[in-house]
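# Structural features, examined
If you want the building blocks of each chain, they are given just below.
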Amino acid sequence: MKKFLLVFFLLLVLLAVGAVFGVKMLVSPVETDAVAEFSIPEGSGSSSIAAILQEQGLVKNAKVFSLYARFKEVDSQFKAGSYSFPAGEWSLEAVCEKLIIGGYSSRGEVRVTIREGLTVEETIQVLVEAGLGSRDVYYDYIRNGDFSKYSFLPDANEVVEPASRLEGFLFPNTYMIELDSTEQQIIDMLLDQFVMVWTENGFDEATKDSEYSMLEIVTMASLVEKEARVDEDRPLIAGVFYKRLEIGMLLESCATIQFLLGEPKDPLLYSDLEIVSPYNSYKNAGLPPGPIAAPGLASLKAAVYPTESEYLYFRARTDGSHRFSTTLQEHQTPHDGDY
């Protein structure tokens, strides 16, 4: 009897291990070696979409993908349309994100969403994944293109790595882009959108007497974009940073360190704060040499119209907002809801 129970137990363990291994294999990313082009008809349910994806080799198992999409509560957000998935690695999350953004229309347009807070590198990645151009061509244009009509952009020889001269100015928005658009046309489209937003919101007039240049204000807006999660906090955060600049206090923005690291890191280590770079706001007074991401309209407004206060510190809270303080002691004293 004991021998039977032992064998039965071992079988259960093997089955459990096998099940875990099997699930892990089914949810792991797939690697495609060719562009997958297909259409999702109007009215398609998540099961039908999953079957199409499996047929195209973009997911390993249609049922697993359907369960994943339902668990993530995104299955109802998938859009009909024509799709082009470039060759490369595709995770379930990445496939879902592309289906949420949507495909291109019958007119040959791709719907692309550039989120607030993306760097130039991240923006180009979004465009390439949408089937719009080549990464190498984008970067060649950024390095060698003629941007003389955009007088607010820094000269190429003034740019401090790891930034590019377009950092902060590829405006976040949802665009309908024709499939035959060149990389140059797409970059110019995003820059033109920034110019339109800046002009139509009266930021030129509002900042004409400012002690800060347009580049510096957009740099401030980029810091606000990366620090804030709640729109109500953005003008206050801008006000804190401006006040620190006014009294010669270091900005000490973690966002500048994350920019230098190139990918999210949580938590930051004390050694990260020692990185030698003009972008390290823990070591260098004043603003960074340029923007660290593309700010959206709310962050641009905050940088142009900051809220003046006595606050010198802010601390993230678990609900996404920030707690503001006037003294270091108050800032460092734990409160309910603080991170």
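Located above this text is the structure these notes cover.
Residues numbered from 1 in each chain as written. Predicted model: local features only at pLDDT ≥ 70, side-chain atom pairs only at ≥ 80, totals over all residues. Heavy atoms only, no water.

## Some words on the overall build of the chain
Our working rule: Helix numbering and strand numbering both begin at the N terminus, where a helix is a DSSP run of H or I of at least 4 residues and a strand a DSSP run of E of at least 2. By the convention used here, residues are in contact when the closest approach between their heavy atoms is within 4.5 Å. Accessible surface is estimated by sampling points in the Shrake-Rupley manner with a 1.4 Å probe; for residues, cover comes only from the protein chains shown. By the counting scheme adopted, Arg and Lys are positive, Glu and Asp are negative, and His together with the chain ends is not counted. Charge positions come from single atoms, namely NZ of Lys, CZ of Arg, CG of Asp or CD of Glu.
The helix and strand tally for the chain stands at 13 helices and eight strands. With the C-alpha coordinates aligned to their principal axes, the bounding extent of the chain is approximately 80 × 60 × 35 Å. Intrachain contacts of the chain at a sequence separation of at least 6 include 60% that bridge at least 24 residues. Working note: accessible area of the chain is about 18700 Å², and carbon and sulfur atoms make up 53% of it. Counting 28 positive and 50 negative side-chain charges, the chain places the averaged centre of each group 10 Å from the other.

## Focus on the layout of surface pockets
Counted only if it meets this: A 1.4 Å probe that fits but cannot get out identifies a cavity on a 1 Å grid over protein atoms alone, an open set with protein on both sides within 12 Å along at least five of seven lines counts as a pocket, and a residue lines either if it has an atom within 4 Å of a point. Grid points are joined across faces, edges and corners, and a volume is the space filled by probe spheres set on the points. Polar here means any residue outside two lists: the nonpolar Ala, Val, Leu, Ile, Met, Phe, Trp, Tyr, Cys and Pro, and the charged Asp, Glu, Lys and Arg; Gly therefore counts as polar.
Of the pockets and cavities examined, the second largest pocket occupies roughly 380 Å³. Lining the second largest pocket we find 18 residues, and of these Y212, Y242, E246, P306 and E308 sit closest to its centre. Taken together, the elements giving at least two residues each to the lining of the second largest pocket come down to α10 (234-247) and α12 (297-304). If you tally residues by element for the lining of the second largest pocket, the top one is α10, at four residues. A per-class count over the lining of the second largest pocket returns seven nonpolar, five polar and six charged.

## Remarks on the nonpolar core
Among soluble globular proteins, nonpolar side chains are generally buried collectively. So the rule is basically this: Residue types Ala, Val, Leu, Ile, Met, Phe, Trp, Tyr and Cys, when buried and joined through side-chain atoms within 4.5 Å, form a set referred to as a nonpolar core. Burial classes follow relative accessibility: with a 1.4 Å probe on protein chains only, a residue under 20% of its type's maximum area counts as buried, one over 50% as exposed, and anything between as partly exposed.
Ranked by internal contacts, the top residues of the largest apolar core, which has 61 residues, are L132, L166, L191 and L300. In this structure, L132 is in contact with V110, V112, L127, Y138, I177, E178, L179 and I186, ignoring residues within four places of it in sequence. I40, L58, A62 and Y83 belong to the second largest nonpolar core, which has 22 residues in total.

## A short note on the environment of I124
The topology assignment puts I124 in helix α5 (residues 120-129). A relative accessible area of 1% means that I124 is categorised as buried. With 63 residues separating them in the primary sequence, I124 and I187 have C-alpha atoms 9.2 Å apart.

## With respect to a negative patch on the surface
Cut-off, in case you're wondering: A patch consists of residues exposed above 30% relative accessible area that lack any salt bridge, with like charges linked at up to 9 Å and nonpolar side chains (Val, Leu, Ile, Met, Phe, Trp, Tyr) linked at up to 5 Å. Take a side-chain nitrogen of Lys or Arg and a carboxyl oxygen of Asp or Glu: if they are within 4 Å of each other, that pair is a salt bridge.
Taken together, E211, E216, E246 and E308 make up a surface patch of like negative charges. The residue E211 is located in the loop between α8 (203-206) and α9 (214-227) in this model.

## Regarding the pairing of strand β3 (residues 81-85)
We apply this condition: Pairs of strands are assigned from DSSP output, requiring at least two bridges between the strands.
With five of its five residues buried, β3 lies for the most part within the structure. Pairing of strand β2 (residues 36-40) with β3, which is carried by five bridges, proceeds in the antiparallel orientation. The residue of β3 that forms the bridge with A36 is F85.

## Details of the packing of aromatic side chains
Quick reminder of the rule: Planes of paired rings set the category: under 30 degrees apart is stacked, over 60 is edge-to-face and the rest tilted, where pairs are Phe, Tyr or Trp rings (Trp by its six-membered ring) whose centres lie within 6.5 Å. Whether a charge sits over a ring depends on NZ of Lys or CZ of Arg being within 6 Å of the ring centre and within 35 degrees of the ring normal.
In total, this model carries 19 aromatic pairs according to the counting rule given. Ring geometry for F259 against Y279: centres 5.1 Å apart, planes inclined by 55°, an arrangement best described as tilted. Taken as a pair, F259 in helix α11 (residues 254-261) and Y279 in the loop between α11 and α12 lie far apart in primary sequence, 20 residues in all. The burial state of F259 is the same as that of Y279; both residues are buried. Taken together, the aromatic side chains of Y141, F147, Y150, F152, F169, F194, W198, F203 and Y305 make up a single cluster linked through ring pairs. When the ring centre of F85 is taken as reference, the NZ or CZ atom of K98 above it lies at 5.2 Å.

## Some remarks on the pattern of salt bridges
Taken as a whole, this structure holds nine salt bridges when the rule is applied. The shortest N-O distance in the salt bridge between D231 and R234 comes to 2.7 Å. Owing to a relative accessible area of 8%, R234 belongs among the buried residues under this scheme. K265 is paired through a salt bridge with D272; the nearest N and O atoms lie 3.0 Å apart.

## Here's the deal with helix α6 (residues 135-144)
Applicable threshold: The arc in question is formed by the directions pointing from the helix axis toward the C-beta atoms. Pairs of N or O atoms are called polar contacts if they sit within 3.5 Å, as long as, within protein, a hydrogen donor faces a hydrogen acceptor (for residues adjacent in sequence, only side-chain-to-side-chain pairs).
Residues Y138, Y139, Y141 and I142 constitute the buried set of α6. Within α6, the buried residues cover an arc of 160° as seen down the axis, which keeps them to one side. With respect to the buried face of α6, the exposed residues turned more than 90 degrees away are D136, R143 and N144. In the core, the buried residues of α6 are packed alongside α5 and α7 (183-200). Where α6 begins, one side-chain oxygen reaches toward the backbone nitrogen of D136, 3.3 Å away; that side chain belongs to S134.

## A look at the pairing of strand β8 (residues 322-325)
By the alternation rule, side chains of β8 split into H322 and F324 and R323 and S325, which are all buried. Sheet topology note: the strand β7 (residues 313-316)/β8 ladder contains four bridges and is antiparallel. What sits directly across from A316, in β8, is H322. What sits between β7 and β8 in their antiparallel hairpin is a turn of five residues, with G320 showing a positive phi close to 95°.

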